[in-house]
Amino acid sequence: MDKNLYADHIATLRSRYDDIMEQCGFDTLNVFSGAPKVQFLDDNYYPFKVNPQFKALVPVTDNPHSWVIYRRGQKPKLLFYRPVDFWHYVPPAPQTFWSDHYDIELLSKPADAKEFLSAENAAFLGETAGLEDWPIGTPNPQELLERLHWARAYKTPYEFACLREANRIAVKAHRAAEAAFRSGASEFEINLAYLQAAGQGENRMPYGNIVALNEHAAILHYTHLSEQRLPEAELKTFLIDAGADCNGYCADITRTYAYRDGEFAELVAAMDQKEQELVAGLKPGLPYPDLHRECHHKVGQLLNQFGVIKTSAESAVESGLTGTFMPHGLGHFLGLQVHDVGGHQTAPQGGVTPPPAEYPFLRTSRTIEENQVFTIEPGLYFIDSLLAELKDSELATEVNWDKVDAFRPFGGVRIEDNVIVHKDRIENMTRDCYAQ
Ligand code: GLY
Ligand code: MN
Ligand code: MN
């Protein structure tokens with residue numbers, strides 16, 4: 001990663017943190033990376049997931065018992081855990097593109113951090129378990145968290161570079177996954193092909209990969225990974241929603257493939273077109289929920305065009321009929337967390353703006369602004385439980401049930417890209433990677 005990009009990034013971060021700490025009345029932030037969590041009645045640990053507030057300050061994602069101590073206006077101190085330990089991997093002392101920007105101290109024991117900590121005018125960010133008697137300061141003050149979360153929606157050029165790289169890795173892996181699907185691999189085998197091509201293990205993925213064949217594509221968070229290979233004659237659909245990591249930043253990409261030509265393949269192609277229109281609809285100043293409504297119109301158009309419903313798109317949106325076929329939100333902020341923070345926040349100091357009542361699962365109620373990064377992920381699914389409810393409702397007469405039954409074995413379609421909103425243009429990082 002480019003050293004100068006990081007230098008500019010940390011300068012921006014420091015100025016943001018200085019302002020926010022002053023507004024909230026703190027001189028020091030003590031930010032803890034986290035402690036490994038042991039499984040119940042066991043001596044094995046869950047995979048370590050770093051505190052996002054820690055990786056927001058330093059690109060270290062794999063080292064527990066570490067700290068960033070940030071005193072307003074001063075070079076941040078990194079307490080980097082390096083025990084003498086013949087049981088576990090011990091990462092080397094950092095010497096890389098970012099390390100000059102921190103005063104680095106190595107800790108040989110977790111408790112050695114205490115001598116560097118002070119609770120005076122200090123806030124603590126992280127999980128407090130095990131630190132009860134430590135001088136850490138006020139844990140997770142709400143306004144401080146809100147202001148930091150708000151700021152994280154505006155990415156720096158370094159963050160764009162990390163997100164582009166995460167997309168590059170994920171697109172390479174998506175290509176390998178498609179090839180595995182076409183060669184008859186099971187969901188489990190496709191996932192292995194994905195991870196192999198990404199060069200990243202399962203625990204490094206930003207979320208559990210969704211690798212779904214046929215009707216499994218209708219299960220929104222399907223992470224089961226069946227080991228069964230399907231006979232070629234039964235192969236219909238492959239939906240994969242999988243990302244990658246770069247310095248703690250996430251990709252979150254979905255593609256859907258039809259195994260053979262036919263009406264479902266046409267639906268996938270038509271959705272791909274609509275998805276690109278929605279990406280083009282991201283404009284600074286537009287409330288994100290307006291684009292979500294536009295998405296429902298497009299889903300209504302597809303339902304009408306493919307003969308699934310008898311009514312117009314407008315009427316299907318109005319009546320809520322499209323909600324059966326697209327029950328999730330159009331997209332979300334993307335960054336250090338796959339569903340990045342602050343999507344429902346009203347103002348820098350806090351407040352919650354809920355999504356429109358008819359779309360409770362929409363994760364973004366904010367207005368689109370320059371330097372924000374979103375996913376755009378329209379979908380159209382044939383979900384048994386929702387269709388059963390629909391069949392029992394007064395809207396049942398507006399549906400061609402034969403058509404629904406013909407599409408049901410295909411599960412559904414979702415296309416998801418990762419997009420930067422620049423001042424005067426939209427950058428579709430995902431499509432740019434596919435174009436290379
Ligand atoms: N992969 C989770 C999502 O698309 O939001
Ligand atoms: Mn996704
Ligand atoms: Mn997503």
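Residues numbered from 1 in each chain as written. Chains lettered and ligands numbered in written order. Predicted model: local features only at pLDDT ≥ 70, side-chain atom pairs only at ≥ 80, totals over all residues. Heavy atoms only, no water.

Structural notes on the UniProt feature "domain: Peptidase M24" (unreviewed entry) in the chain
- On the UniProt side, "domain: Peptidase M24" (unreviewed entry) is annotated at positions that read residues 162-422 here.
- Summarising residues 162-422: 36% helix, 17% strand, and an end-to-end C-alpha distance of 16 Å. (UniProt positions renumbered as here; feature names shortened; annotations may be inferred. Helix = DSSP H or I, 4+ residues; strand = E, 2+ residues; numbered from the N terminus.)

Quick notes on the UniProt feature "binding site: Mn(2+) 2" (unreviewed entry) in the chain
- Following the UniProt record, one finds the feature "binding site: Mn(2+) 2" (unreviewed entry) at Asp 241, Asp 252 and Glu 416. Spanning 176 residues, the annotated positions come together in the fold, the maximum distance between their C-alpha atoms being 8.0 Å.
- Among the structural elements, Asp 241 can be located in strand E8 (residues 237-246).
- According to the relative accessible area criterion, Asp 241 is buried, its value standing at 6%.
- When neighbours within four sequence positions are excluded, Asp 241 is seen to be in contact with Tyr 207, Asn 209, Ile 210, Asp 252, Ile 253, Thr 254, Arg 414 and Glu 416.
- For Asp 241, the side chain forms a polar contact with the side chain of Tyr 207, separated by 2.6 Å.
- With respect to the helices and strands, Asp 252 occurs in strand E9 (residues 249-258).
- Among all residues touching Asp 252, those that are not within four sequence positions of it are Tyr 207, Asp 241, Ala 242, Gly 243, His 332, Leu 334, Val 338, Thr 375, Glu 377, Glu 416 and Asn 418. (Buried < 20%, exposed > 50% of the residue type's maximum accessible area, 1.4 Å probe, protein only. Contact = heavy atoms within 4.5 Å. Polar contact = N/O pair within 3.5 Å; in protein donor to acceptor, adjacent residues only side chain to side chain.)

A word on the coordination of the manganese ion (ligand 3)
- Summarising the metal site, the manganese ion (ligand 3) is bound by the protein donors Asp 252 (OD), His 332 (NE2), Glu 377 (OE) and Glu 416 (OE), whose distances to it range over 2.1 Å.
- Viewed at the metal, the six donor atoms of the manganese ion (ligand 3) are separated by angles of 51 to 156°, and the geometry they form is irregular.
- When the donors of the manganese ion (ligand 3) are listed by position in the chain, the intervening gaps give D-x79-H-x44-E-x38-E.
- Between the manganese ion (ligand 3) and the manganese ion (ligand 2), both coordinated by Asp 252, there is a metal-metal distance of 3.3 Å. (Donors = N, O, S within 2.8 Å, 3.2 Å for Na, K, Ca; no water. Tetrahedral: all angles 85-135°; square planar, octahedral: opposite > 155°, others 65-115°.)

Notes on the site of ligand 1
- Around ligand 1, the structure places Tyr 207, Asp 241, Asp 252, His 332, His 339, Glu 377 and Glu 416.
- Between ligand 1 and His 339, the relevant distance is 2.7 Å, taken from an oxygen atom to a side-chain nitrogen or oxygen of the residue.
- Interatomic distance of 3.0 Å between a side-chain N/O atom of Glu 377 and an oxygen atom of ligand 1.
- With the chains in place, 91% of the 200 Å² that ligand 1 exposes on its own is no longer accessible.
- Residues of the shell around ligand 1, tallied by class, amount to one nonpolar, two polar and four charged. (Near = heavy atom within 4 Å. Areas by Shrake-Rupley, 256 points an atom, 1.4 Å probe, with all protein chains shown as cover. Nonpolar A, V, L, I, M, F, W, Y, C, P; charged D, E, K, R; others polar.)

Comments concerning helix H6 (residues 263-280)
- Taking 1.5 Å as the rise per residue, H6 with 18 residues should run 26 Å; its terminal C-alpha atoms sit 26 Å apart, in good agreement.
- Phe 264, Leu 267, Val 268, Ala 270, Met 271, Lys 274, Glu 275, Leu 278 and Val 279 are the residues of H6 that are buried. (Expected span 1.5 Å × (residues − 1).)

Comments concerning helix H5 (residues 187-198)
- Given a rise of 1.5 Å per residue, twelve residues ought to cover 16 Å, and the 16 Å separating the end C-alpha atoms of H5 matches this to within 8%.
- Buried within H5 are the following residues: Glu 187, Ile 190, Asn 191, Tyr 194, Leu 195, Ala 197 and Ala 198. The arc enclosing the buried residues of H5, seen along the axis, measures out at 165°, which places them on a common side.
- Taken together, the buried residues of H5 touch helix H4 (157-182), strand E7 (210-213) and E8. (Arc of directions from axis to C-beta.)

Side note on the sheet that holds E7
- Overall, antiparallel pairing links the three strands, which are arranged E7-E8-E9 in an open sheet. The open sheet has two edge strands with one neighbour each: E7 and E9. Put simply, the sheet's adjacent strands are angled 15° from each other on average, direction ignored.
- With ten bridges joining them, E8 and E9 adopt antiparallel strand pairing. Counted as the bridge partner of Gly 243 is Asp 252 from E9.
- Contacts between H4 and the sheet are confined to E7, E8 and E9, with E9 contributing the most and set at about 30° to the helix. (Pairing = 2+ DSSP bridges. Axes fitted to C-alpha atoms, helices over the stretch in contact; angles between N-to-C directions.)

Re the nonpolar core
- Counting residues in hydrophobic clusters, the biggest one holds 72 residues, and the most contacted among them are Tyr 17, Leu 29, Leu 144, Ile 190, Tyr 194 and Phe 238.
- Top contributing element to this core by residue count: H4, with twelve residues.
- Ranked by size, the runner-up nonpolar core spans 47 residues in total, among them Leu 302, Phe 382, Phe 407 and Val 419. (Core = buried A, V, L, I, M, F, W, Y, C linked by side-chain atoms within 4.5 Å.)

Overview of the pattern of salt bridges
- Under the definition given, this model contains 28 salt bridges.
- Across the salt bridge formed by Asp 27 and Arg 72, the nearest N and O atoms sit 2.8 Å from each other. Taken together, the residues Asp 27 in the loop between helix H1 (3-24) and strand E1 (28-32) and Arg 72 in the loop between strand E2 (67-71) and strand E3 (77-81) connect sequence positions 45 residues apart.
- For Asp 27, a relative accessible area of 32% puts it in the partly exposed group.
- Salt bridges sharing partners connect three or more residues here, namely Arg 255, Asp 272, Glu 275, Asp 417 and Arg 431. (Salt bridge = Lys/Arg side-chain N within 4 Å of Asp/Glu carboxyl O.)

Section: the layout of surface pockets
- If you add up the space inside the largest pocket, you get close to 1,400 Å³.
- Contributing to the lining of the largest pocket are 43 residues, with Phe 48, Thr 61, Asp 62, Asn 63 and Pro 64 lying nearest its centre.
- Contributing elements (two or more residues each) for the lining of the largest pocket: helix H2 (52-55), E3 and E8.
- Of the residues that constitute the lining of the largest pocket, the class distribution is 27 nonpolar, ten polar and six charged. (1 Å grid on protein atoms, 1.4 Å probe; cavity = no way out; pocket = protein on both sides within 12 Å on 5 of 7 lines; lining within 4 Å. Points joined across faces, edges and corners; volume = space filled by probe spheres on them.)

Here's the deal with the coordination of the manganese ion (ligand 2)
- Surrounding the manganese ion (ligand 2) are the protein donor atoms Asp 241 (OD), Asp 241 (OD), Asp 252 (OD) and Glu 416 (OE), at 2.0 to 2.3 Å.
- Coordination at the manganese ion (ligand 2) comes from six donor atoms whose angles at the metal span 57 to 173°, giving a geometry best classed as irregular.
- Read from N- to C-terminus, the donor residues coordinating the manganese ion (ligand 2) fall into the pattern D-x10-D-x163-E.
- Residue Asp 252 is classed as buried on the basis of its relative accessible area, which comes to 3%.

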